[in-house]
Amino acid sequence: TSIRLPTFGRALAYEPTTCELLVAAGGNKGRNVSGSSGGEVYRINLDEGRFATPYAYNSSADEAVGGNCIAVSPSHALTALGCEDGLVRFWDNRLPYNDTSNLSPLVSLDVTSAASSSLDKNK
């Protein structure tokens, strides 16, 4: 069996509470499947054998930002997504979302500015 994604997938993670395979997709310069101009995390429901509505997130940059890595916590359903813009976005998959087409992360951690400020202190 093969699965065809609308854009290039960079990383995979299994989310056991929903039985979904999460695929961090590369940035898409045009509009994504969900209609947003940001990045997406594709959700494949392995129990039902079909795609669920992808998680979409917006970027402060002018162009779409793709996800490079994704991980799901084994103790709860918190998902971390590392993106090209230097942000790590976190979602709680247990929360009910009415509109998954434009998902706002619980927390966004700016890794790029944290790393550059620590390098400046060492000089």
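Here we summarise the structure given alongside this text. Bear in mind the structure is a predicted one, so any value in this text is a computation, not a measurement.

Thresholds applied
- Residues numbered from 1 in each chain as written.
- Predicted model: local features only at pLDDT ≥ 70, side-chain atom pairs only at ≥ 80, totals over all residues.
- Heavy atoms only, no water.
- Helix = DSSP H or I, 4+ residues; strand = E, 2+ residues; numbered from the N terminus.
- Buried < 20%, exposed > 50% of the residue type's maximum accessible area, 1.4 Å probe, protein only.
- Contact = heavy atoms within 4.5 Å.
- Pairing = 2+ DSSP bridges.
- Axes fitted to C-alpha atoms, helices over the stretch in contact; angles between N-to-C directions.

This paragraph deals with the environment of leucine 81. You can see leucine 81 is positioned in strand 6 (residues 78-83). Residue class for leucine 81 comes out buried when judged on its relative accessible area of 0%. As a C-alpha pair, leucine 81 and glycine 66 span 15 residues in sequence and 9.7 Å in three-dimensional space. Those residues in contact with leucine 81 that lie beyond four places of it in its chain are Ala24, Val41, Tyr57, Gly67, Cys69, Ile70, Leu87, Val88, Arg89 and Trp91.

Take the sheet that holds strand 1 (residues 9-15) next. Strand pairing in a sheet takes place through backbone hydrogen bonds and is either antiparallel or parallel in direction. One open sheet holds the four strands; their spatial order is 1-2-3-4, and the pairing between them is antiparallel. One side of each edge strand has no neighbouring strand; the edge strands of this open sheet are strand 1 and strand 4 (50-57). Neighbour-to-neighbour, the strand axes of this sheet turn through a mean angle of 25°, independent of strand direction. With six bridges joining them, strand 1 and strand 2 (residues 20-25) adopt antiparallel strand pairing. In the sheet register, alanine 13 faces strand 2, and the bridge partner there is leucine 22.

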